[in-house]
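Okay, here's what each chain looks like letter by letter:
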Amino acid sequence: MDSLQTYLFISAILFSLGLYGVITRRNGIAVLMGIELILNSANINFIAFARFGGMNLSGHVFALFVIIMAAAEAAVALAIIINIFNNLQTVNIDEAQQLKL
Amino acid sequence: MTGDMLINYALGILFLPLLSFIILILVGKRLPRQGDWVAIGSVLITLILSLAMFGSMLLSHDPGFSHEASIEWMDLGAFRIELGFLIDNITIVMLLVVALISTMTHVFSIKYMAGDIRYSRYYAYLGLFTFSMNGIVLANNLFSLYIFWELVGVSSYLLIGHWFEKDSAADAGKKAFLTNRVGDIGFFIGVMLIFTALGTFNYGEIFQGVAQGDMAGTLLTLAGIGLFMGAIGKSSQFPLHIWLPDAMEGPTPVSALMHAATMVAAGVFLTVRLFPIFTPEALLFIAYVGGFTAIFAATIAITQNDIKKVLAYSTVSQLGYMILAVGTGAYIAGFFHLVTHAMFKACLFYGSGSVIHAMHHALHNKHDHDTDPQDMRNMGGFKSKMPVTYWTMVVAALAISGVPLFSGFLSKDAILAGTLAFGTHHPQHFLLPIFGFGAALITAFYMFRLIFMTFHNEPKLPELYDDINESPKEMTFPLVLLSTLSVFIFYTLPYFNPLSDHGWFMELVKAKDSMVPGNPSAHEIAEGIHHSHTLTMILSTLVAALGIFLSWSVYLKKRISADAWAEKLTPYYNLSLNKYFFDENYDKYLYQPLLRLADRISFIDWDLYDKYFINGFGHVTKWLSFLTGRTDYDGLDQTIVDGLGRSMSKAGSTLKEVQTGRLQNYMLFALFGVVIIVIFQSF
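All figures in this text were calculated on a predicted structure; none of them were measured in a lab.

### Considering the overall build of chain A
On a plain count of helices and strands, chain A comes out with three helices and zero strands. Each helix and strand of chain A, ordered N terminal to C terminal, gives the series α-α-α. Rg of the C-alpha trace for chain A: 17 Å, well past the compact-globule value of 13 Å for 101 residues, more than 25% over. Over its C-alpha atoms, taken along the principal directions, chain A stretches across nearly 50 × 25 × 20 Å. Evaluated residue by residue, chain A yields a buried proportion of 13% over its 101 residues. Intrachain contacts of chain A at a sequence separation of at least 6 include 48% that bridge at least 24 residues.

Okay, structure coming up:
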């Protein structure tokens, strides 16, 4: 069980779930959650390659960067969604189409 | 006076009248008195300058004087054209004649033309004429001469047609212009023949070339006859004499200036200038044309009833005299007659103008607009009413008849002597002296017929008689001056012999030798004239006396009935009265066939060539362009050009459906793309 394939498999499932969420959900917050899943699947990959691929601590450092970046991204994205909600009384991203011709 | 000063004077003489023309044509109507003072002032200065030149000629007394100056107008390699002046004694005398008659005409016209609707334009045209006439006189080459030659034609046309509201005046102007064109074609051919052969237009160089034999024989004869054709047209010689009598439609002062004294003399002046290059054959042709014209026109003048027509035919006849003189070699006599004739003929015309003016006023007072004021049959008895006009006209008539003591006697005598000498040397040409003396007889007859019919006898229209008055001073002054100048003394000074033409004129204006081999020298001609002088004098005096006597018995004493003779000679009378039917025959045999020919040609041109050939081309082109239009528009434009655009727009509108604006869709497409790449990679 303790092998690279297992981690990559879990990471792939997480990525697919995240991608599915991003593509199919109409709720903006749910889309953000999908993005969070994709980022974390990438983190699993980094750690797994660090553990089995001989990358030493570089993988851990990258994962830390990704967590920090994800936090920043979540802050900005949530702020946008709150603003959308304030203006449109909805978080459905299909209805946020005022810039469309 | 130095030559350069003469040139400056000549420039003034030439350009002052042009200046007056320009001023009057531009602003004439707005000037006080419609600007006649501009014209009169300029022509008066011209007269003063001419008098100064004349005085210096008399003082220096140099028969061979000649001064030339020219500027280059264009230089086209082999073709060099100059404009220039040639001032010799002939020029100076002629300039004085032109300036004098022109001044008199300007003065005479003040009253004659008073109240005319185109008064200022009339004076403007007189200025243009004086300019062009002086140009002819001053020219030192055939090219400048030709320019001014045509310019006098234009001013003649404009002045004949001055009263163009009258159809007859407009037609007469056109007739004069077109008839002159016929002669000018010959003139142009002559000029070009000379230029081709000798490569120059300059008189002096032409004479030199002819003297060296660079141009001789038939070619020179042809060139001479060509140049003479210009003179035939301008000086109204047979067979182009038809325009001058019609030109009398112009105002009478114009008739006096142009159609009697100066412009028509331009042809004579030309032959005098170019005398040294005429070959014997050309001179013979000239002599016969002149001699025939002299007697032919005189026979027409006998029967005319219009006072101006009589004078017009008399002018044609006298011009024939001058031409005859040139043809027989006595060309200085011809030039002399030109000068004396200018004086007395202008005087006669002013006299007729004065009479017409009086008649016109009398008729105007009676509100009679149907009676012809120029018809001598309506006149008679004016002698006591218009004494100044009468006496001046009598003097001029005596002069033109060649009565001793008057200028005409001297010049006519010289011509007749030349003709007689020529006839004695060449007995086969006996007709020439007969033409000369015959014309002299008839001239005396018809001139006194005019005087008697106008001034003597009972008034034909008594109701007008009381209204006939002498003309104002502006009109009688030229009459008096010119009749005075018809006395012999002004031409024979410093001598007082009325029977000999010996005087300043003959001393200063000397004949040049002909440059053509075979022609008699000036000396030989002078000898011939000298020998036949006495006989001529007796004959011509007898002839003049006979003419006057006949006229006196027919028209004053009525001893011979003119009507009875007209009855007896009906066919001849009718011929003369109708001017030998020249206009009718020209119309029938020349104009009408030409018009018909033009009609035919225009049929070919318009109905055949234009209609089928030119229009056919048009049809074919139209059809072709229709076809290419179809191919271009329906074929290319609709399918390829528009089709491409349409297919693009269709593709665009189809593809735009993909652009939903939804990020999730794009992501899905990206996912599909990745999946496809992965699938492709794995194979």
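### Considering helix α2 (residues 36-60) of chain B
Residues and elements named next belong to chain B. The end-to-end C-alpha separation of α2 is 36 Å, in line with the 36 Å expected for 25 residues at 1.5 Å each. Of the residues making up α2, those classed as buried are Asp36, Val38, Ala39, Ser42, Val43, Thr46, Leu47, Leu49, Ser50, Met53 and Met57. Its buried side turned inward, α2 meets α1 (3-27), α3 (89-112), α4 (119-138) and α21 (504-508).

### What about the pairing of strand β1 (residues 66-76) of chain B?
Residues and elements named next belong to chain B. Relative to strand β2 (residues 79-88), β1 is paired through ten bridges, and the arrangement is antiparallel. Paired with Glu72 across the strands is Glu82, a residue of β2. Here β1 folds back onto β2 in antiparallel fashion, the turn holding two residues, of which Gly77 has a positive phi close to 75 degrees.

### Comments concerning the environment of Asp605 of chain B
Relative to the elements of secondary structure, Asp605 of chain B occurs in helix α25 (residues 582-655). Sequence separation between Asp605 of chain B and Gly643 of chain B is 38 residues; the distance between their C-alpha atoms is 50 Å.

### Overview of the nonpolar core
Residues and elements named next belong to chain B. Judged by nonpolar contacts, the single largest core of 204 residues is most densely connected at Ile136, Val268, Phe269 and Ala346. Broken down by element, this core gets its largest block of residues, 19 residues, from helix α14 (residues 331-365). Non-local contacts of Val268, meaning those with residues more than four positions away in its chain, are made with Ala231, Ser235, Leu319, Met322, Ile323, Val326, Gly334 and Leu338.

### Remarks on the confidence of the model for chain B
All names here are of chain B. Here chain B shows a mean pLDDT of 86. Residues at 70 or above account for 100%. When the elements of chain B are averaged for pLDDT, helix α23 (residues 562-568) gives the smallest value, 75, and α4 the largest, 91. Reported for the predicted complex are a pTM of 0.76 and an ipTM of 0.79.

Thresholds applied
Residues numbered from 1 in each chain as written. Chains lettered and ligands numbered in written order. Predicted model: local features only at pLDDT ≥ 70, side-chain atom pairs only at ≥ 80, totals over all residues. Helix = DSSP H or I, 4+ residues; strand = E, 2+ residues; numbered from the N terminus. Rg over C-alpha atoms; globule rule 2.2 N^0.38 Å. Buried ≥ 20, exposed ≤ 12 C-beta atoms within 10 Å, placed from the backbone. Contact = placed C-beta atoms within 7 Å. Expected span 1.5 Å × (residues − 1). Pairing = 2+ DSSP bridges. Core = buried A, V, L, I, M, F, W, Y, C linked by C-beta atoms within 7 Å. pLDDT = per-residue confidence, 0-100.

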